[in-house]
Amino acid sequence: MNLYRLIYSSYGKANLSYHDLTEIMQKSDKNNQHDGITGMLCYGDSVFLQILEGDRAVVSKTFQRISRDTRHHSPELIEFVPIESRLFVEWSMKAVNLGQLKSEKVKKLLLKYSPSTTLKPSSMTGKQCINLMQELAEFYEQ
Ligand code: FAD
């Protein structure tokens, strides 16, 4: 098995609903468990940021399928690299919705790893995306 990590960002469709997000999460959980994929999906400021970890061919196929989904658009690949171990081993897909009114803690985390308190992965490196996601995961576990 070639263990890889893929990071991408995309824009949610204009009228994306809570129901859409729930449906995406349920499907991701089910498919990813079956496919040996772990990772995290973050949604905020109409933007998705997702990390997928697993077998290279499986991750690649999953990303192609996700890219065709009409609930988001303009996916941008940030990183697709071989890794020694997984970072999100506990989750088939950990979901974090930053919400419309972000908490002070979330704003500080965004400011720590990016130029502003708005989720804008296009102005972040892969490493910054990973650090942000890890800290968000920890925060939302509390
Ligand atoms: P089905 O659920 O039977 O879907 C068949 C087709 O219909 C697919 O092309 C699907 O994209 C489309 N479709 C289904 N429901 C809707 C809907 N409500 N609106 C528009 N199109 C729809 N899937 C994963 O397996 N793992 C992930 O980690 C993952 N992450 C995602 C992240 C984002 C930001 C988005 C938007 C979607 C994500 N998905 C993920 C969902 C993925 O895009 C596919 O919808 C899903 O994998 C298809 O599952 P399926 O093969 O069982 O087909």
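Quick notes on the rules
Residues numbered from 1 in each chain as written. Predicted model: local features only at pLDDT ≥ 70, side-chain atom pairs only at ≥ 80, totals over all residues. Heavy atoms only, no water. Pairing = 2+ DSSP bridges. Helix = DSSP H or I, 4+ residues; strand = E, 2+ residues; numbered from the N terminus. Axes fitted to C-alpha atoms, helices over the stretch in contact; angles between N-to-C directions. Contact = heavy atoms within 4.5 Å. Buried < 20%, exposed > 50% of the residue type's maximum accessible area, 1.4 Å probe, protein only. Expected span 1.5 Å × (residues − 1). Arc of directions from axis to C-beta.

As for the sheet that holds strand E2 (residues 38-44)
Strands in a sheet are paired, the pairing made by backbone hydrogen bonds, and the direction either parallel or antiparallel.
Line of reasoning, step 1. With mixed pairing, five strands are arranged side by side in an open sheet as E4-E1-E3-E2-E5. What marks the edges here is a single partner per strand, and that holds for strand E4 (72-82) and strand E5 (94-97). Across the sheet, the mean angle separating the axes of adjacent strands is 15° when strand polarity is ignored.
Line of reasoning, step 2. Relative to E2, helix H1 (residues 18-35) is tilted by about 175°, and along the sheet it contacts E2, strand E3 (47-55) and E5.

Observations concerning the pairing of strand E1 (residues 3-12)
Line of reasoning, step 1. Summarising burial for E1: nine of the ten residues are buried, a large majority.
Line of reasoning, step 2. For E1 and E3, the ladder comprises nine bridges, and the chain directions are antiparallel. Residue Leu6 lies in a different strand from E3, and its bridge partner there is Leu52.
Line of reasoning, step 3. In this structure, E1 lies alongside E4, joined through eight bridges in antiparallel fashion. Residue pairing for E4: Arg5 is matched across the bridge by Val81.

Description of helix H4 (residues 126-141)
Line of reasoning, step 1. The first and last C-alpha atoms of H4 sit 22 Å apart over 16 residues, in line with the 22 Å expected at 1.5 Å per residue.
Line of reasoning, step 2. Those residues of H4 that sit buried are Gly126, Cys129, Ile130, Leu132, Met133, Leu136 and Ala137. Taken end-on, H4 shows its buried residues confined to a sector of 165°, consistent with a single buried face. Across from the buried face of H4, at angles greater than 90 degrees, the exposed residues are Lys127 and Glu138.
Line of reasoning, step 3. Considering only its buried residues, H4 is in contact with E1, E2, E3, E4, E5 and helix H3 (104-113).

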